[in-house]
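So the chains spell out like this:
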Amino acid sequence: MEGLANHLMHEILGRSLDELPPQTRRFRLLLEEMVRKACEKLGISQTAYRFHRRSILDDIGWTYDQVRVHLERLTELEY
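Residues numbered from 1 in each chain as written. Predicted model: local features only at pLDDT ≥ 70, side-chain atom pairs only at ≥ 80, totals over all residues. Heavy atoms only, no water.

*Asks:* Even after reading the chapter, I still don't get helix H3 (residues 53–60), so can you show me in this structure?
*Replies:* One full turn of an α-helix is made of 3.6 residues, so residues set three or four places apart face in the same direction. Restricting attention to buried positions, one finds in H3 the residues Ile 56, Leu 57 and Ile 60. Down the axis of H3, the smallest arc covering the buried residues is 100°, so these residues share one side. Facing away from the buried side of H3, by more than 90 degrees, are the exposed residues Arg 54, Asp 58 and Asp 59. On the buried face of H3, the contacting elements are helix H2 (22–42) and helix H4 (64–76). After H3 finishes, the residue Gly 61 shows a positive phi value of roughly 85°. (Buried < 20%, exposed > 50% of the residue type's maximum accessible area, 1.4 Å probe, protein only. Helix = DSSP H or I, 4+ residues; strand = E, 2+ residues; numbered from the N terminus. Arc of directions from axis to C-beta. Contact = heavy atoms within 4.5 Å.)

Put into C-alpha cells, the structure is as follows:
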C-alpha cells in the first residue's frame, strides 16, 4: 500500500510541475531559494516567513511585470 501511495504522489507532483511553463518553474525555484536563505539568516521556519513583492523584486532581480505574471500563475495553481 505504501508503495502505491508513493507512486501516486510522484505521479501527481510530477505532473503538477509539468503544468508550469519553464520560466514559472524557474521563478518558483528562485523564490524557494530566496525564502530558504532568508529563513536561515533569521533562524525561523519557512512557514513563519512572510515576504512582499518588493523583496522578490530586490532579491531575484526580475521586473515587476515578470514577478506579477509568475506569482499569478503560481497562485492560480495553488502553489
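*Asks:* What am I meant to see in unusual backbone geometry here?
*Replies:* Apart from glycine, the bulk of residues carry a negative phi angle, and the bulk of peptide bonds sit in the trans form. For Glu 78, which is not a glycine, the phi torsion comes out positive at approximately 60°. Counting through the fold element by element, Glu 78 comes out in the segment after H4.

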